[in-house]
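# An overview of the molecular structure
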Amino acid sequence: MPPLLLKNPRALKEMIGREIGVTEWFQITQQRVHQFAEATEDRQWIHINRERASHESPYGTTISHGFLTLSLIGYFVKELIEIQEGVGYAVNYGLNRVRFPAPVPSDSKIRARIFLLAWKELPDSIEVIFKVTIESDQSEKPSCLAEWIVRYYA
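Because the structure is a prediction, the values reported are computed rather than measured.

The rules behind the values
Residues numbered from 1 in each chain as written. Predicted model: local features only at pLDDT ≥ 70, side-chain atom pairs only at ≥ 80, totals over all residues. Heavy atoms only, no water. Helix = DSSP H or I, 4+ residues; strand = E, 2+ residues; numbered from the N terminus. Buried < 20%, exposed > 50% of the residue type's maximum accessible area, 1.4 Å probe, protein only. Contact = heavy atoms within 4.5 Å. Phe/Tyr/Trp six-rings, centres within 6.5 Å; stacked < 30°, edge-to-face > 60°. Lys NZ or Arg CZ within 6 Å of the ring centre and 35° of its normal.

### Description of the environment of Leu6
By secondary structure assignment, the location of Leu6 is in strand E1 (residues 4-6). What makes Leu6 buried here is its relative accessible area of 7%. For Leu6 and Thr40, which are 34 residues apart along the polypeptide, the C-alpha to C-alpha distance reads 35 Å. Here Leu6 is in contact with Ala11, Leu12, Ile81, Glu82, Ile83 and Gln84, once residues within four sequence places are set aside.

Given below as structure tokens:
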């Protein structure tokens, strides 16, 4: 799906309460899970030891770190929205209410459904809150639910 082209961050105001779109599927490879484990020092066996996970994990395989799934939100939003002007930089301001209802098995695919919850003009920026639902091709339940707060500065 081509990104939604917006002239500037103020144009997002028209999207409040609406779904912006659904991204393409994104492969979560075992290699990516290993790289994330190394970068974060989180080498729990359920993420990196396929043999042990096949025998001991309730999922039958290794799974992605929840924080790896969460960290892809910025990538997914960028896939769906392109702001053409009026942004000198954007800042990840934080998150509200993050949940991981279902695992992301290694070598599965995920995608994001993005909805604009709120838009607010501040003295020095535009603040938006995206509701993000990350879906897996391996589960009926979402893998991640989060509200992501972004500030756009001119």
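Moving on from the model shown.
### Digging into the packing of aromatic side chains
In total, this model carries six aromatic pairs according to the counting rule given. Taken together, the ring pairs connect Phe26, Tyr75 and Phe76 into an aromatic cluster. Over the face of the ring belonging to Phe115 we find Lys131, whose NZ or CZ atom lies 5.8 Å from the ring centre. Sitting over the face of the ring of Tyr93, Arg151 holds its NZ or CZ atom 3.6 Å from the ring centroid.

None of the figures reported here should be taken as evidence of function without further support.
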